[in-house]
Amino acid sequence: MAERRSRGAIVVRFFIVSALTVPALVAWGCGSASDSTFGSGTGNGDDSGPTQNLALGDGGDLNTQDSGCTGLQCKRVHCPDGGTTSLSGVVVSPRAGDPDPIYNAVVYVPNAPVEPFTDGVSCDRCGAPTSGSPIAVAQTGIDGRFTLTDVPVVDNLPLVVQLGRWRRQVVVSTVTACTDTALPSDLVRFPRNHSEGDIPRMALKSGDSDSPECVLRKMGIDESEFTAPDGGGRIEVYGGILNNPPTTDGGNPSAAALLDDLNRMKRYDIVMLPCDGNTFAPTTASMQNLEAFANLGGRIFASHYSYEWLMNAPAPSQWSGVVNWTPAAPPAPGTIEPGYINTTFPKGLAMSQWLERLSASDGGVIPTLWQPRYDVNAVNNDTVEWIAIKTPNKVGHFSFNTPLGADAGEQCGRVVFNDFHTVDVYGGQTGVFPAECGNKTQPLTPQERVFEFMLFDLSSCVQKDDLPPVPPPPVVK
């Protein structure tokens, strides 16, 4: 039996089957199968059920009427015996063939159009609402797995996969009522280019002695995304401070064009400062601009000799005191040290477990860190040590949130410092991208996976690191 009224009125479908098979299902909702995905209406429902994966209402009293549902809310169904309609899968990196799982990504079903990101640096604190009025939300664990419960039963269901400004919007062609639909990882992977979805806009100052661009390429980002500024790619490359670092085809403007111009820097979500292979004297403008950028919500990754921008930050900046700096002569070329992960805080423990799942660490120890430096004795207040080196006893990797000294609820920028190389190189990087990088199909090394984990963490919303990851606000049915 079915009863249908005019568009916008209540539609209730009773699926009558033999009493010997499946009990009746009742749609929560209103409208017809031909209604707009984000239409409106009223229908049946119940908000008394327990929360599951942040989405309220899993089954309930079939006789309870809910006149407040809209759009896809009205396409959920009550399942027998406390069952649910669910979607599950593993969110992975863009890499083809053998992608890595993504930790702390958000997967959700929107009930309204998802708004485009506003270009330029922005403040992104954890716990803020997610665009699109989600009606089912889940977060991924260290294995990248998620399960969305109580999802609408409708063909061509919209789904969003997001971490910070990494975002992909896809469509699930078919959802089967009261069972789990397992999604292929290629559907819920992160985008390889900006035609597939959103990628943070990054400014990369190339480095004579480090090559994060090569790791980004191995992670699966298309080569077309690496361009000169305003070249159309999401990773815009500037020249290095010293020597002759690699360039993109056609050349790149100097690092000063980026670092001495705050307005230009504010175009980006992330600024990357890999090692230049020697000491240098940063300009006062560049140090002040980097701090202003981070205070606005910008994210900064720096490695090795790029400590110059932090250690020399002029007063009244507090950046020079985030750690106890003790710059020392670099060890001999080819030096390898094990790295010891700090597992005393939630994200450090997650990094250790994530790397161990990928055979990149063992018992919290990363077996090989290439080209370590011994520049940091200890971290100070508001700074988090992620990785230590024990021969000698030094800090190998740390982060802090900005503005320094502000209440945690007022911070929305982030700085990550790596006192070892991203890749196994030691000076003299030359050539044109991507020829300088070698075979991108080779597996990521443990050290490259450290960078991968930290890049996605750097990209995510900002929160206190001594707390578990903060999810978006719970969904109210």
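Throughout what follows, the structure given in this document is the object of discussion. (Residues numbered from 1 in each chain as written. Predicted model: local features only at pLDDT ≥ 70, side-chain atom pairs only at ≥ 80, totals over all residues. Heavy atoms only, no water.)

Bringing the overall build of the protein chain into the picture now. Summing up its helical and strand segments, the protein chain has seven helices and 25 strands in all. Counting the 477 residues in the protein chain, one finds 55% classified as buried. For the protein chain, long-range pairs separated by at least 24 residues make up 72% of all intrachain contacts whose partners lie at least 6 apart in sequence. (Helix = DSSP H or I, 4+ residues; strand = E, 2+ residues; numbered from the N terminus. Buried < 20%, exposed > 50% of the residue type's maximum accessible area, 1.4 Å probe, protein only. Contact = heavy atoms within 4.5 Å.)

According to the stated counting rule, one finds five disulfides in the structure shown. The disulfide bridge from C126 ends at C461, spanning 2.0 Å between sulfur atoms. On the S-S bond that ties C126 to C461, the torsion sits near 95°, and the link is right-handed. Here the residue C126 occupies a position in the loop between β8 (106–109) and β9 (136–139), and C461 occupies one in the segment after α7 (446–459), the gap between them amounting to 335 residues. A relative accessible area of 17% means that C126 is categorised as buried. Here C214 connects covalently by a disulfide to C437, the sulfurs 2.1 Å from one another. Here C214 and C437 share a disulfide; its torsion about the S-S bond, -75°, makes the bridge left-handed. Note that C214 is positioned in helix α1 (residues 212–218) and C437 in the loop between β25 (413–418) and α7, a separation of 223 residues in sequence. With respect to burial, C214 and C437 carry one shared label: buried. Shown here for the protein chain is a disulfide pattern of 1-2, 3-6, 4-8, 5-10, 7-9, where each number marks a bonded cysteine counted in sequence order. (Disulfide = S-S within 2.5 Å.)

What the largest pocket holds in volume is close to 540 Å³. Lining of the largest pocket is provided by 28 residues; of these, D124, P129, T130, Q162 and G164 occupy positions nearest its centre. Those elements giving two or more residues to the lining of the largest pocket turn out to be β8 and β11 (157–163). For the lining of the largest pocket, the per-class residue count stands at 13 nonpolar, ten polar and five charged. Its boundaries defined by the atoms lining it, the second largest pocket holds a volume of some 290 Å³. If you trace the second largest pocket, you find 16 residues lining it, with D382, V384, K464, D465 and D466 closest to the centre. Ranked by residues supplied to the lining of the second largest pocket, first place goes to strand β24 (residues 393–402) with three residues. (1 Å grid on protein atoms, 1.4 Å probe; cavity = no way out; pocket = protein on both sides within 12 Å on 5 of 7 lines; lining within 4 Å. Points joined across faces, edges and corners; volume = space filled by probe spheres on them. Nonpolar A, V, L, I, M, F, W, Y, C, P; charged D, E, K, R; others polar.)

Moving on, we come to the side chain of T84. For T84, the location among the structural elements is in the loop between β6 (77–78) and β7 (86–90). A polar contact of 2.8 Å, which involves the side chain of T84, links it to the backbone nitrogen of D150. (Polar contact = N/O pair within 3.5 Å; in protein donor to acceptor, adjacent residues only side chain to side chain.)

Attention now moves to the sheet that holds β11. Judged by pairing direction, the sheet is antiparallel, and its four strands sit side by side in the order β9-β8-β11-β12 without closing on themselves. Pairing within the sheet leaves two strands with one partner each, and these edge strands are β9 and β12 (166–172). Taken pair by pair, the neighbouring strands of this sheet meet at an average axis angle of 20°, ignoring direction. Pairing between β8 and β9: four bridges, direction antiparallel. Bridging from a neighbouring strand, V109 pairs with A136 of β9. (Pairing = 2+ DSSP bridges. Axes fitted to C-alpha atoms, helices over the stretch in contact; angles between N-to-C directions.)

With twelve residues, helix α6 (residues 346–357) extends 16 Å between its outermost C-alpha atoms, agreeing within 8% with the 16 Å of an ideal straight helix rising 1.5 Å per residue. Those residues of α6 lying buried are K347, G348, A350, M351, S352, W354 and L355. On its buried side, α6 packs onto β20 (336–341), β21 (365–370), β23 (383–390) and α7. Downstream of α6 by a residue or two, S359 has a phi angle that is positive, lying close to 60°. (Expected span 1.5 Å × (residues − 1).)

All right, on to the sheet that holds strand β10 (residues 145–149) then. The three strands lie next to each other as β10-β7-β13, forming an open sheet whose pairing is mixed. Because the sheet does not close on itself, it has two edges, and the strands there are β10 and β13 (180–182). Averaged over neighbouring strand pairs, the angle between their axes works out to 20° when direction is ignored. The sheet contact formed by β7 and β10 spans five bridges and is antiparallel.

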